[in-house]
Structures are given as C-alpha cells and as structure tokens.
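Summary of the model geometry
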Amino acid sequence: MKEHDPEYTENIRGYKKRVATRCRICGGQLLIPEDFKREMHEQCAKLEDKSTYLM
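Anyway, here's the lowdown on the structure attached to this text. Computed from a predicted model, the values in this text were never measured in an experiment.

It is worth spelling out the state of the cysteines at this point. Tallied over the entire structure, the rule returns 0 disulfides. For cysteine 23, which is in no disulfide, the shortest distance to another cysteine sulfur is to cysteine 44 and amounts to 3.7 Å.

Spelled out as structure tokens, the structure:
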C-alpha cells in the first residue's frame, strides 16, 4: 500500500498545531474534523491493512 503525503497546514488552535488536508491512503481532501485527527477518511481507515507497517 502506498502512503500519500497528507499536506499539513498550520493551525493555532488545532491538534498538535497542524492539520492534515489530504488523506494518507487515497490522497483525497479531508473535510470532517475527526478525519483531520485520524489523517484519513473513515472509509480508508476501515480498508487499512493493520498488519503492514510503513517506514
């Protein structure tokens, strides 16, 4: 599985002072605050293979 760059943007009040704007799995735009924290869509999180580690 290929991992995309989530393209972070600065955020003063946000999670760890930055917010991901792109999904790590599919590269699509993130719109929901829960997806920002997870750095991927809910559908992509379900499809993610937990046994494979990327480095």
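Turning our eyes to something else, we now look at the pattern of salt bridges. Counting across every chain of the model gives 3 salt bridges. Here arginine 22 ties to glutamate 7 by a salt bridge, and the two come within 3.6 Å at their closest N and O atoms. Here arginine 22 is found in the loop between strand S2 (18-20) and helix H1 (33-38), whereas its partner glutamate 7 is found in the segment before strand S1 (8-10), with 15 residues between them in sequence.

The next thing to look at is the nonpolar core. Across soluble globular proteins, you tend to see nonpolar side chains buried next to one another. Counting 6 residues, the largest nonpolar core consists of Ala20, Cys23, Leu30, Met40, Cys44 and Ala45. If near-sequence neighbours (up to four positions away) are discounted, leucine 30 is found in contact with Ala20, Thr21, Arg22, Cys23, Asp35, Phe36, Glu39, Met40 and His41.

What follows covers the environment of cysteine 44. Mapping cysteine 44 onto the fold places it in helix H2 (residues 42-47). In sequence terms cysteine 44 and cysteine 26 are 18 residues apart; their C-alpha atoms lie 7.3 Å from each other. Excluding its chain neighbours within four sequence positions, the residues that come into contact with cysteine 44 are Cys23, Ile25 and Cys26.

The next subject is unusual backbone geometry. Although it is not a glycine, glutamate 39 sits at a positive phi angle of roughly 65°. Position of glutamate 39 relative to the elements: it lies in the loop between H1 and H2. Classification of glutamate 39 by relative accessible area gives buried; the value is 15%.

Thresholds applied
- Residues numbered from 1 in each chain as written.
- Predicted model: local features only at pLDDT ≥ 70, side-chain atom pairs only at ≥ 80, totals over all residues.
- Heavy atoms only, no water.
- Disulfide = S-S within 2.5 Å.
- Salt bridge = Lys/Arg side-chain N within 4 Å of Asp/Glu carboxyl O.
- Helix = DSSP H or I, 4+ residues; strand = E, 2+ residues; numbered from the N terminus.
- Core = buried A, V, L, I, M, F, W, Y, C linked by side-chain atoms within 4.5 Å.
- Buried < 20%, exposed > 50% of the residue type's maximum accessible area, 1.4 Å probe, protein only.
- Contact = heavy atoms within 4.5 Å.

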